[in-house]
Amino acid sequence: QAQLVESGGGLVQAGGSLRLSCAYSGMLQIKNMGWYRQAPGNQRDMVATITTSGSTNYADSVKGRFTISRDNAQNTVYLEMNNLKPEDTGVYYCKAEPLYSMSYWGKGTLVTVSS
């Protein structure tokens, strides 16, 4: 059974840093992994994605501040977030895109950035 578990969220002051982790299991041949963010009242938007080979893509709003990485041996994806801003506040979700099946989502971890 596919499972993704996010961790690392919390309350941080503007300018601070957090590292999110997503441990995944129960899936074969994952093509892409990604982090998405949903602020209150807003839709869920892409923050960063990473392919199996390590190619990355970032939302313009986080370029230069966030870094996505994955450890395929440990089945874990990370999101290093630096210089956090209040507008980064939201629930951060991990998404897995297997090559031959549907995508899966974690339950999310809340990040709150105070000004």
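Keep in mind the model is a prediction, meaning the values are calculated, not measured.

### Remarks on the overall build of the protein
Here comes step 1: Scanning the protein for helices and strands turns up 0 helices and 11 strands.
Here comes step 2: Scanning the protein from its N terminus toward the C terminus, one meets helices and strands in the order β-β-β-β-β-β-β-β-β-β-β.
Here comes step 3: Computed over the C-alpha atoms, the radius of gyration of the protein is 13 Å, within 12% of the 13 Å expected from 2.2 N^0.38 for a compact globule of 115 residues.
Here comes step 4: Projected onto its principal axes, the C-alpha positions of the protein cover 40 × 25 × 25 Å.
Here comes step 5: Scored against the burial criterion, the 115 residues of the protein give a buried share of 40%.
Here comes step 6: For the protein, the proportion of contacts with a sequence separation of at least 24, taken over those separated by at least 6, is 54%.
Here comes step 7: Carbon and sulfur atoms make up 46% of the accessible area of the protein, which amounts to about 6200 Å² in all.

### Side note on the sheet that holds strand β8 (residues 76–81)
Here comes step 1: Taken in spatial order, the 4 strands make up an open sheet running β1-β3-β8-β7, and their pairing is antiparallel. In the strand order of this sheet, the two ends are held by β1 (3–7) and β7 (66–71), each with one partner. Between one strand axis and the next, the sheet turns by 15° as a mean value, whatever way the strands run.
Here comes step 2: Here 6 bridges tie β7 to β8, and the two strands are oriented antiparallel to one another. From the neighbouring strand, Asp71 faces β8, where its bridge partner is Thr76.

### Some points on unusual backbone geometry
Here comes step 1: Its identity is not glycine, yet Asn75 carries a phi of approximately 50°, on the positive side.
Here comes step 2: When you line up the elements, Asn75 lands in the loop between β7 and β8.
Here comes step 3: One non-glycine residue, Asn83, lies in the positive phi region at around 50°.
Here comes step 4: Inspection of the secondary structure puts Asn83 in the loop between β8 and β9 (90–98).
Here comes step 5: On the basis of relative accessibility, which here comes to 41%, the residue Asn83 falls in the partly exposed class.

### Overview of the side chain of Ser21
Here comes step 1: In this structure, Ser21 sits in strand β3 (residues 18–25).
Here comes step 2: Residue Ser21 is classed as buried on the basis of its relative accessible area of 18%.
Here comes step 3: Not counting residues up to four positions away in its chain, the partners in contact with Ser21 are Val5, Glu6, Ser7, Trp35, Thr76, Val77 and Tyr78.

### Observations concerning the environment of Thr109
Here comes step 1: Note on placement: Thr109 falls in strand β11 (residues 109–114).
Here comes step 2: Between the alpha carbons of Thr109 and Ser69 there is a distance of 17 Å; along the sequence they are 40 residues apart.
Here comes step 3: For Thr109, the contacting residues outside a window of four places in its chain are Glu6, Ser7, Gly8, Gly9, Leu20, Gly90, Val91 and Tyr92.
Here comes step 4: A distance of 3.2 Å separates a polar atom in the side chain of Thr109 from the backbone nitrogen of Gly9.

About the criteria used
Residue positions within a chain follow its written sequence, with the count starting from 1. Where totals are concerned, whole chains, interfaces and linings use all residues; where local detail is concerned, this predicted model gives features only for residues with pLDDT of at least 70, and gives and counts side-chain atom pairs only at 80 or more. For the side-chain quantities, the full set of heavy atoms in the structure was used; hydrogens and water were omitted. Helix numbers and strand numbers start at the N terminus; a helix is a DSSP run of H or I with at least 4 residues, a strand a run of E with at least 2. Based on C-alpha atoms, the radius of gyration is set beside the globule rule, defined as 2.2 Å times the residue count to the power 0.38. Partly exposed residues are those whose accessible area sits between 20% and 50% of the maximum for their type, while under 20% is buried and over 50% is exposed, using a 1.4 Å probe and protein chains only. By definition, residues are in contact when any of their heavy atoms lie within 4.5 Å. Throughout, the Shrake-Rupley method with a 1.4 Å probe supplies accessible areas, and for residues the shown protein chains are the sole cover considered. Two strands make a pair as long as DSSP finds a minimum of two bridges between them. As a rule, the C-alpha atoms of each element are fitted with a line to give its axis, helices using only the stretch in contact, and angles between N-to-C directions run from 0 to 180 degrees. Nitrogen and oxygen atoms within 3.5 Å of one another constitute a polar contact, given that in protein one can donate a hydrogen and the other can accept it, and given that sequence-neighbouring residues count only through two side-chain atoms.

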